[in-house]
Amino acid sequence: MLIDGHGREVSYLRVSVTERCNFRCQYCMPEKPFSWVPKEKLLSFEELFLFIKVAIDEGIKKIRITGGEPLLRHGLDEFIGMINAYKSGLDIALTTNGFLLADVAQKLYDAGLKRVNISLDSLKPEVAKQVAQKEVLGRVLGGIEAARLAGIHVKINTVPMRGINDTELLDIMEYAKARNMPIRFIEYMENHHANPDLKGLKSEEIKAIIGTKYAFEEMGRQGASPAQLYRLEDGYVFGIIDPHKHDFCETCNRIRLTAEGMLIPCLYFDEAMSIKDAVRKGDVAGAAEVLRTVLANKPEKNRWSEDQENQSSDRAFYQTGG
Ligand SMILES: Nc1nc2c(ncn2[C@@H]2O[C@H](COP(=O)(O)OP(=O)(O)OP(=O)(O)O)[C@@H](O)[C@H]2O)c(=O)[nH]1
Ligand SMILES: C[S@@+](CC[C@H](N)C(=O)[O-])C[C@H]1O[C@@H](n2cnc3c(N)ncnc32)[C@H](O)[C@@H]1O
Ligand code: SF4
Ligand code: SF4
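Values in this document were obtained by computation on a predicted structure and should not be read as measured data.

**Q** Any chance you could explain the side chain of Asn191 here in plain terms?
**A** Within the element layout of this structure, Asn191 appears in the loop between β6 (183–186) and α7 (203–211). Here Tyr27 takes part through its backbone oxygen, which lies 3.2 Å from a polar atom of the side chain of Asn191. Within polar-contact distance, the side chain of Asn191 engages the backbone oxygen of Met189 at 3.1 Å.

**Q** Honestly, the packing of helix α1 (residues 45–58) against helix α2 (residues 76–86) in this entry has me stumped. Any pointers?
**A** Between two packed helices, the angle of one axis relative to the other and the distance separating the axes together describe the packing. α2 packs onto α1 with a crossing angle of 25 degrees between their chain directions and a minimal axis gap of 11 Å. In terms of their interaxial angle, α1 and α2 are classed as roughly parallel. Considering the relative orientation of α1 and α2, their crossing is right-handed. Within the contact between the two elements, α1 uses Phe45, Glu46, Leu48, Phe49, Ile52, Lys53, Ile56 and Asp57 and α2 uses Leu76, Phe79, Met82, Ile83 and Tyr86. Of the residues in the contact of α1 with α2, the class split is 10 nonpolar, no polar and 3 charged.

**Q** Before we go on, may I ask you to explain the UniProt feature "binding site: GTP" (unreviewed entry) in the protein in this structure?
**A** As recorded in UniProt, the sites labelled "binding site: GTP" (unreviewed entry) are Arg14, Arg64, Thr95, Lys155, Arg254, Ile255 and Arg256. Along the chain, the position of Arg64 falls in strand β2 (residues 62–66). Contact partners of Arg64, with chain neighbours within four places excluded, come to Tyr12, Leu13, Arg14, Val15, Ala93, Leu94, Thr95, Arg115 and Asn117. As for its position among the elements, Arg256 is in strand β10 (residues 254–257). Excluding residues within four positions of it along the chain, Arg256 makes contact with Arg14, Met262, Leu263, Ile264, Leu267, Thr320 and Gly322.

**Q** Looking at this structure, I do not really get the site of ligand 1. What am I missing?
**A** In the neighbourhood of ligand 1, 20 residues make up the surrounding shell, with Tyr12, Arg14, Lys62, Asn117 and Lys155 lying closest. Lys155 is positioned with one of its side-chain polar atoms (N or O) 2.6 Å from an oxygen atom of ligand 1. A distance of 2.9 Å separates an oxygen atom of ligand 1 from a polar atom in the side chain of Asn157. Here ligand 1, which alone exposes 630 Å², has 92% of that area covered by the protein. When contributions to the shell around ligand 1 are tallied by element, the ones reaching two or more residues are β1 (12–16), β2, β4 (115–119), β5 (153–158) and β10. Of the residues contributing to the shell around ligand 1, the split by class is 9 nonpolar, 4 polar and 7 charged.

**Q** Could you clarify how one ought to interpret the pattern of salt bridges in this entry?
**A** Where side chains of opposite charge bring their charged atoms close, a pairing between them can arise. Applying the stated criterion to the full structure yields 15 salt bridges. Lys177 serves as the salt-bridge partner of Asp234, at 2.5 Å between the closest nitrogen and oxygen. In this pair, Asp234 sits in the loop between β8 (227–232) and β9 (237–241) while Lys177 sits in helix α6 (residues 169–178), placing the two residues 57 residues apart along the sequence. You can call Asp234 exposed: its relative accessible area is 52%. For Lys177, a relative accessible area of 22% translates into the label partly exposed. In this structure, Lys207 and Glu204 form a salt bridge, with 3.3 Å as the shortest nitrogen-oxygen distance.

**Q** I keep staring at the site of ligand 3 and nothing clicks. Help me out?
**A** Close to ligand 3 lie Cys21, Phe23, Cys25, Tyr27, Cys28, Gly68 and Asn97, which account for all nearby residues. Class assignment for the residues of the shell around ligand 3 results in 5 nonpolar, 2 polar and no charged.

**Q** Would you take a moment to explain empty space enclosed by the protein for this structure?
**A** Over the atoms, a rolling probe the size of a water molecule traces out where space has been left empty. Going through the model one piece at a time under the given rule, you end up with 2 cavities of 30 Å³ or more. Lining the largest cavity are 14 residues, with Phe23, Ser119, Leu120, Asp121 and Val136 positioned closest to its centre. Of all elements in the fold, only α4 (125–132) and α5 (137–150) reach the threshold of two or more residues within the lining of the largest cavity. Looking at the lining of the largest cavity, the element that brings in the most residues is α4, giving 3 residues. Looking at the lining of the largest cavity residue by residue, the class counts come to 10 nonpolar, 3 polar and 1 charged. Looking at the second largest cavity, its volume works out to about 30 Å³. Lining the second largest cavity are Arg221, Pro226, Gln228, Asp242, Lys245, Asp247 and Phe248. Of the residues contributing to the lining of the second largest cavity, the split by class is 2 nonpolar, 1 polar and 4 charged.

Scoring rules and cut-offs
Residues numbered from 1 in each chain as written. Chains lettered and ligands numbered in written order. Predicted model: local features only at pLDDT ≥ 70, side-chain atom pairs only at ≥ 80, totals over all residues. Heavy atoms only, no water. Helix = DSSP H or I, 4+ residues; strand = E, 2+ residues; numbered from the N terminus. Polar contact = N/O pair within 3.5 Å; in protein donor to acceptor, adjacent residues only side chain to side chain. Axes fitted to C-alpha atoms, helices over the stretch in contact; angles between N-to-C directions. Parallel < 35°, antiparallel > 145°, perpendicular 65-115°, else oblique. Left-handed = near helix turned anticlockwise from the far one by under 90°. Contact = heavy atoms within 4.5 Å. Nonpolar A, V, L, I, M, F, W, Y, C, P; charged D, E, K, R; others polar. UniProt positions renumbered as here; feature names shortened; annotations may be inferred. Near = heavy atom within 4 Å. Areas by Shrake-Rupley, 256 points an atom, 1.4 Å probe, with all protein chains shown as cover. Salt bridge = Lys/Arg side-chain N within 4 Å of Asp/Glu carboxyl O. Buried < 20%, exposed > 50% of the residue type's maximum accessible area, 1.4 Å probe, protein only. 1 Å grid on protein atoms, 1.4 Å probe; cavity = no way out; pocket = protein on both sides within 12 Å on 5 of 7 lines; lining within 4 Å. Points joined across faces, edges and corners; volume = space filled by probe spheres on them.

See below:
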């Protein structure tokens, strides 16, 4: 079992397999970065897998593949197959923008992927284009349908933004509800890489919008999940991820690994330690040592939750994987 310096059990590893992306979302990567990490600095799937095995042996039970856009990396199905074959009963999931999903959904399912979280910020082609700065909606919706058809459990992620998609939150929720897919509204997390003019909606505002049409009751948070859950009268459950609240980090159970091998203890802060040397030498004990050190130094909470206005993180979401 992995316990961090604040006594929290850490059992969830998020692995970013690339920082590159085919979208330029306003809240994440509105402009192409000055340079990408050169290929030789990225860890191969074999190197990532070496660390993942160490992490599983130490107590990781849930692994989420993310990015950048993870489906840009070729052979992702084989990578998932490797993890799936290593230990039974792991919760293996993917977070994707869905654009490239339709063609690979069945292969991913066959490799062992049972859950996918797909970002959907609008059901209007022109608004989706405004957010991602590319014509995307048709392919994203196609990806969602293909994943469902393949038998993958789909969850929708939506970032509510003032003046962009705030009039559509009910429609997006109803789209998810009609397909029996859970939805999470994610509060925009201020970061220095995003469009500086962007304003996110806070949890109270999101609830007020849903409340104009539906009555719902608060269910609290489930286990270590960051989402606050709400149940409509007909039983449908929606969630809000609210990192600006103080209680959000109390049950944090996760760490993040980037495509170049930086192990990140918290999404907000810049601190990280590299596992690259250890895995490139095949040094299992060294990799386990880095893991323990990072856990010992995991921050108690982020700074989005502090009372000052405009707390903004230096971390790029496309590098950490969100
Ligand atoms: N601040 C903060 N935000 C998080 C954290 N984990 C997830 N989020 C936010 O929630 C978004 C959605 O997360 P997903 O990638 O769908 O993963 P998840 O919420 O762990 O998904 P499930 O496994 O389905 O519960 C992330 O991209 C972040 O924006 C966290 O530890 N801290
Ligand atoms: C960084 S993306 C990576 C995976 C994939 N490209 C995608 O968009 O789903 C993971 C998640 O982070 C969320 N995200 C990115 N930047 C964010 C921000 N500034 N605030 C809140 N959520 C953000 C996205 O909406 C997405 O659900
Ligand atoms: S949120 Fe995902 S899809 Fe959008 S730019 Fe970031 S990594 Fe790409
Ligand atoms: S912000 Fe940091 S401490 Fe809080 S839940 Fe996310 S990773 Fe954990």
